[in-house]
Amino acid sequence: MIRVLVWNEFFHEKDKNNASSEIYPNGIHNAIADFLGKEDDITVTTATLDDENCGITDEVLKNTDVIIWWGHCRHEKVPDEVAEKVQTAVLNGMGAIFLHSAHKSKPFMRLMGTSCSLIWRESGDFERVWVAKPSHPIAAGIDTCFELPAEETYGEPFGIPTPDEIVFMGWYSGGEVFRSGVTYTRGNGKVFYFQPGHETFPTYRDPSVQRVILNAVRWAAPTVRIDNAMDCPNPPSRNK
C-alpha cells in the first residue's frame, strides 16, 4: 500500500464569502483524499494548518510514502521546523507532490533553493494543458492535452531550477505559457510540481487532473527510505 498524506491550509474553504466554500465544502484536502482513497493500492490521511504541529511530526512522516501539499496565502504560518521535517523526509526518500500555489510553500522552496517566483493573473482564463513527455508515467492515460474552462493564470519566467523532466506545459487564453508539470530528484526522494488547482475553480473534480495526481502518487512512491540519508558517516576502511 502507498501511504499518502494530503496537507492543506484549509483556509479559503471555511470562508462562506469565498467560492471555494461551495466547490470544496469539506476542503481541498478531502476532495483529493476522496478520489485517491478509491484506489486499492492507496491509503490516505489528511492534515491541515490548524492541526497541532500542522499535523506533521517525525512519526507521521515516517509512516507517509507520499505527501501532497496545497498552500496559498498562509505559507508564512507554517513553522520553519515543520518545513524542515518535510524537506528532510524527502531527502530520506519520501515522495512529494506540490500543487498550485504551493510553489511558494516553505517545503518546496527549501527543496528548490530558488525564488520559485512567477507571473500570475486571477481572471479565469481558459487553460490547455499539453503533454510534453507522453512516455512519462505521470502522463499515463492522458491524451495529447486536456482543457480546463477556467484557471488562475501562471506564466513564465518561473523561478525554479532546471527540472529533471517537463511533463506538462500549460497555455492560457491570455497568451501565457507555463511549465505546468515538472519533476525533480532531491536526495532519495522524488518531487512533482503540478500547477492546476486554484481554489475558486472545480479543478480537482476534473478527471484528467485526478489522473495526473494519481499517476504522480504512484511515480513518487519511495523505492528506498534511509533515515538520516544526508549525514556524513565516517566508517572504517574495508581494505585491511
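Residues numbered from 1 in each chain as written. Predicted model: local features only at pLDDT ≥ 70, side-chain atom pairs only at ≥ 80, totals over all residues. Heavy atoms only, no water.

## With respect to the overall build of the protein chain
Basically, it comes down to this: In DSSP terms, a helix is any run of H or I states spanning at least four residues, a strand is any run of E spanning at least two, and both are numbered starting from the N terminus. The classification of residues rests on relative accessible area computed with a 1.4 Å probe and restricted to protein chains. Under 20% of the type maximum is buried, over 50% is exposed, and intermediate values are partly exposed. A 1.4 Å probe and the Shrake-Rupley method give the accessible areas. Residues count as covered only by the protein chains that appear here. Residues counted as positive are Lys and Arg, residues counted as negative are Asp and Glu, and His and the chain ends are not counted. A charged residue contributes its charge at one atom only: NZ of Lys, CZ of Arg, CG of Asp or CD of Glu.
In terms of helices and strands, the protein chain carries 6 helices and 9 strands. Considered along the principal axes of its C-alpha atoms, the protein chain spans approximately 65 × 40 × 35 Å. Here the protein chain holds 240 residues, and 52% of them are scored as buried. Counting only carbon and sulfur atoms, one obtains 49% of the accessible surface of the protein chain, whose full area is about 10,900 Å². Between the mean site of the 23 positive side-chain charges and the mean site of the 33 negative ones, the protein chain shows a separation of 6 Å.

## Remarks on the packing of aromatic side chains
Aromatic rings in a pair are described by how distant their centres are and how their planes are angled relative to each other. Spelled out, the test is: For this analysis, a ring pair means two rings from Phe, Tyr or Trp (six-membered ring only for Trp) whose centres lie within 6.5 Å, classed as stacked if their planes differ by under 30 degrees, edge-to-face if by over 60, and tilted for the remaining angles. Sitting over a ring, as applied to charges here, requires NZ of Lys or CZ of Arg to be within 6 Å of the ring centre and within 35 degrees of the ring normal.
Evaluated as defined, the whole model comprises 10 aromatic pairs. Relative to Trp69, the ring of Trp7 lies with its centre 3.9 Å away and its plane at 15°, an arrangement referred to as stacked. Of this pair, Trp7 sits in strand β1 (residues 2–8) while Trp69 sits in strand β3 (residues 66–70), and the two are 62 residues apart along the sequence. A residue is classified by how much of its surface remains accessible, and Trp69, at 1% relative accessible area, is buried. Relative to Phe168, the ring of Phe146 has its centre 6.5 Å away and its plane inclined at 75°; by these criteria the two rings are edge-to-face. You can see Phe146 sitting in strand β6 (residues 145–155) and its partner Phe168 sitting in strand β7 (residues 165–172), a full 22 residues away along the chain. Residue Phe146 shares its accessibility class with Phe168, and that shared class is buried. Put simply, the rings of Phe98, Phe108, Tyr154, Phe158, Phe178 and Tyr193 touch in pairs and so form one group of aromatic residues. Over the face of the ring belonging to Phe10 we find Lys14, whose NZ or CZ atom lies 5.0 Å from the ring centre. Of note, Arg74 hangs over the ring of Phe11, and the distance from its end group to the ring centre comes to 3.7 Å.

## As for unusual backbone geometry
Put simply, Glu156 and Pro157 share a cis peptide bond, and its omega is 5°. Along the chain, the position of Pro157 falls in the loop between β6 and β7. A positive phi angle, near 55°, is found at Asn53, a position not held by glycine. The topology assignment puts Asn53 in the loop between β2 (42–48) and α3 (58–62). Using a relative accessible area of 46% as the deciding quantity, one classes Asn53 as partly exposed.

## A few points about the nonpolar core
We count it as follows: Grouping buried Ala, Val, Leu, Ile, Met, Phe, Trp, Tyr and Cys residues that are joined through side-chain atoms within 4.5 Å yields what is termed a nonpolar core. Contacts are residue-level and defined by heavy atoms, with any inter-residue pair within 4.5 Å sufficient.
Core analysis: the biggest nonpolar cluster contains 37 residues, and Leu36, Ile68 and Phe168 have the highest contact counts within it. For this core, the element with the highest residue contribution is helix α6 (residues 207–220), accounting for 8 residues. If we ignore the near neighbours within four places in the chain, the residues touching Leu36 are Val4, Ile42, Val44, Ile68, Ile213, Leu214 and Val217. Cys54, Ile56, Met112 and Ile160 belong to the second largest nonpolar core, which has 33 residues in total.

## A word on helix α2 (residues 28–36)
Counting buried residues along α2, 7 of its 9 residues qualify, which places the element largely inside the surrounding structure. For α2, the full list of buried residues reads Ile28, His29, Ala31, Ile32, Ala33, Phe35 and Leu36. Contacts made by the buried residues of α2 are with β1, β2, β3, β4 (95–99) and α6.

## Describing the layout of surface pockets
Quick reminder of the rule: A pocket, in this scheme, is an open set of points on a 1 Å grid over the protein atoms alone with protein on both sides within 12 Å along at least 5 of 7 lines, while a cavity is a set where a 1.4 Å probe fits but cannot get out; residues line either one if an atom lies within 4 Å of a point. Grid points are joined across faces, edges and corners, and a volume is the space filled by probe spheres set on the points. Throughout, the ten residues Ala, Val, Leu, Ile, Met, Phe, Trp, Tyr, Cys and Pro are labelled nonpolar, Asp, Glu, Lys and Arg are labelled charged, and all others, Gly among them, are labelled polar.
Looking at the largest pocket, its volume works out to about 330 Å³. Taken together, Arg3, Asp58, Glu59, Leu61, Lys62, Lys85, Thr88, Ala89, Asn92, Arg225, Asp227 and Asn228 make up the lining of the largest pocket. Listed by contribution, the elements that provide at least two residues to the lining of the largest pocket are α3 and α4 (80–92). Tallied by class, the residues present in the lining of the largest pocket amount to 2 nonpolar, 3 polar and 7 charged. Considering only enclosed or pocket space, the second largest pocket measures out at about 180 Å³ in volume. Surrounding the second largest pocket, His72, His75, Ser101, His103, Lys104, Ser117, Leu118, Trp120, Glu122, Glu152 and Tyr154 form its lining. Mapped by element, the contributors of at least two residues to the lining of the second largest pocket are β5 (119–131) and β6. Grouping the amino acids of the lining of the second largest pocket by side-chain chemistry returns 3 nonpolar, 5 polar and 3 charged.

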